[in-house]
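Analysis of the macromolecular model
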There are 2 protein chains.
Amino acid sequence: MMRLMDTQSPWLDDDQQDLWQALLTVVIALPAALDRQLQRDAGISNFEYGVLAQLSMADEATMRLSDLARVCDSTQPRLSKVMDRFEARDWVARRPDPGDGRYTLATLADAGRHKLVESAPEHVAQVKRLVFDPLSAAQRRHLGAALTRIAATVRRETEGG
Amino acid sequence: MMRLMDTQSPWLDDDQQDLWQALLTVVIALPAALDRQLQRDAGISNFEYGVLAQLSMADEATMRLSDLARVCDSTQPRLSKVMDRFEARDWVARRPDPGDGRYTLATLADAGRHKLVESAPEHVAQVKRLVFDPLSAAQRRHLGAALTRIAATVRRETEGG
DNA sequence: CTTTTTCACTTGCCTGGGCAAGTGAAAATA
DNA sequence: TATTTTCACTTGCCCAGGCAAGTGAAAAAG
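Residues numbered from 1 in each chain as written. Chains lettered and ligands numbered in written order. Predicted model: local features only at pLDDT ≥ 70, side-chain atom pairs only at ≥ 80, totals over all residues. Heavy atoms only, no water.

**A few points about the relation of the copies chain A and chain B**
Aligned on chain B, chain A shows an RMSD of 0.0 Å; the corresponding rotation is 180° and the shift along the axis is 0.0 Å. What the rotation and shift describe, once combined, is the action of a two-fold rotation axis. When C-alpha distances to the rotation axis are compared across chain A, the minimum falls at A:Val27, with a value of 2.2 Å. Most of the interface of chain A is mirrored in chain B, where 100% of its interface residues are also at the interface. (Least-squares fit on C-alpha atoms with pLDDT ≥ 70 in both. Contact = heavy atoms within 4.5 Å.)

**Focus: the protein's contact with DNA strand C**
Around DNA strand C, the structure places 18 residues, and the nearest of them are A:Arg78, A:Lys81, B:Ser66, B:Ser80 and B:Lys81. Backbone atoms, meaning sugar and phosphate, make up 69% of the atoms of DNA strand C lying within 4 Å of the protein. With respect to DNA strand C, the side chain of A:Lys81 contributes an N or O atom lying 2.5 Å from a base oxygen. In this structure, B:Arg102 approaches DNA strand C through a main-chain N or O atom, which is 3.4 Å from a sugar or linking oxygen. Taken together, the elements giving at least two residues each to the surface near DNA strand C come down to α4 (76–88) of chain A together with α3 (65–71) and α4 (76–88) of chain B. Of the residues in the surface near DNA strand C, the class split is four nonpolar, six polar and eight charged. (Near = heavy atom within 4 Å. Polar contact = N/O pair within 3.5 Å; in protein donor to acceptor, adjacent residues only side chain to side chain. Helix = DSSP H or I, 4+ residues; strand = E, 2+ residues; numbered from the N terminus. Nonpolar A, V, L, I, M, F, W, Y, C, P; charged D, E, K, R; others polar.)

**Points about the interface of chain A and chain B**
Between chain A and chain B, the residue contacts involve 62 residues of the former and 63 residues of the latter. Taken over both partners, the interface formed by chain A and chain B buries close to 6,100 Å², and the fraction arising from carbon and sulfur atoms is 71%. One can count two salt bridges joining chain A with chain B. Taking the shortest distance from any N to any O, the salt bridge between B:Glu157 and A:Arg129 comes out at 3.3 Å. In this assembly, chain A and chain B are joined by 16 residue pairs in polar contact (both at pLDDT 80 or more). Secondary-structure elements contributing two or more residues to the side of chain A that touches chain B are α1 (14–42), α2 (46–57), α5 (110–132) and α6 (137–160) of chain A. (Buried area = accessible area lost by both parts, 1.4 Å probe. Salt bridge = Lys/Arg side-chain N within 4 Å of Asp/Glu carboxyl O.)

**Brief notes about the environment of B:Val131**
Residues and elements named next belong to chain B. Residue placement: Val-131 occurs in helix α5 (residues 110–132). Given a relative accessible area of 0%, Val-131 falls into the buried group. Between the alpha carbons of Val-131 and Glu-159 there is a distance of 27 Å; along the sequence they are 28 residues apart. (Buried < 20%, exposed > 50% of the residue type's maximum accessible area, 1.4 Å probe, protein only.)

**Focus: the sheet that holds strand β2 (residues 92–96) of chain A**
Residue and element names in this part refer to chain A. Read across the sheet, three strands follow the order β1-β3-β2 without closing on themselves; strand pairing throughout is antiparallel. Of all the strands in the sheet, the pair left with one neighbour each is β1 (62–64) and β2. Recorded for the sheet is a direction-independent mean angle of 25° between the axes of neighbouring strands. Of the pairings in the sheet, the one linking β2 to strand β3 (residues 104–108) comprises five bridges and is antiparallel in character. If you follow Ala-93 over to β3, its bridge partner there is Thr-107. (Pairing = 2+ DSSP bridges. Axes fitted to C-alpha atoms, helices over the stretch in contact; angles between N-to-C directions.)

Structural data, given as C-alpha cells:
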C-alpha cells in the first residue's frame, strides 16, 4: 500500500522504495553515529568537526563566515552560534573583513587546529568503517558519481529557494 | 592539507575526500530540503512523515512502538514525543499490547492516514526531483546497492553499540 | 509467593538549531 | 551630501531531540 507501480504515478516503485529507504537510513542514522563517536571521543559534533576541517583547508586558515556557511551547508545563524562557542574556547578568532566591514573573517587558532588534529584519526577511522569498508572499489566510484549529482541538485534547491 | 595520499594512512585520499564531501552535503542538506518542503506544504517534518508512512504500511496499520522506532531509525524518547503530538491531533491511537503489557501498540487513525495521503504527492515529487531525476537508471541501481550496504553497516553500529 | 531483575516506555532537564527581527556597514538613489 | 536600500551577521524566542532518571509490567530468582 502507499505505492502503485505505474511509472507515471506520483508514487515510488519497489526499487525506488528500497533505494529511498536505504537513503533515509543513511541520512538519519549515519550523522547520529558520527555524532556519537565524536561526542564521546572529542566532545564535539560532526557538524562542528566539519567547520574546523573546512577552516583548516582554507588559505591562511581564514574564511568569510558566509563562505564557510556555504561549504558547511549551514545557515548563518547556526554557524554564528557555533563560532560563539569556538571563540569562547579560543578555537577561532573573528574580525571584520578589512576590505568590506560587512563581512566577518574567521581564522582557525592554534587550539582549534590542535583539537582538529587530535580528533581526526578516530573520526576518519569511523568514516572508513561505516562508509568505505562496506564497498568495493567500483561501488565507491559509482556512489561518488551518484552522490555528486544529488548533492549538486540539493545545493541548487537550497540556494535557489 | 589534512590529507595524505598513503592508502594506509589514517586520512582519506582525494577520491575518498570528494565522495565524503558529497555524502556530507547529502546527509545535511537533503533532510533540510525535505523538511522545508513538508513544513511549508503540510506542517510536518520529514521524520514525522516517515513515522506516518511506516505505520501505514504495517499490518492493520498497527505496530509496537519499539518496532516502529527501529524502522524509523529513531530513539524511543524521540518517537514517544512524536506520538504525543500525533495523539493530540488524533492521527494515531496508543494502547497497551494485550499480549504483553510492557509493549504499546500504535495504530494509524483515519485523520493520520488522511494527512499522509494528502501530503504524499508533493513530498514524493520532491524526492523524485532531488534524488531520482539527477540519476540514470544504471546510477540508481548502483546507488541503491551501495546505500543498502552502508545502511546495514550503520544499523549494526547503532544497534550493537 | 515474595523479591529482584529485566524490560518497554515516558518524563525532565538541557542544548542545538530554525526563523524572524534587529544591528551595523556599504552601496544605490536622490 | 542625505536618504534609502541592500547586505552580512547577530540576537531572541521557540521547539525538537538527546540523555538520564523514573514508572509500571513481566520474567527470574529465592
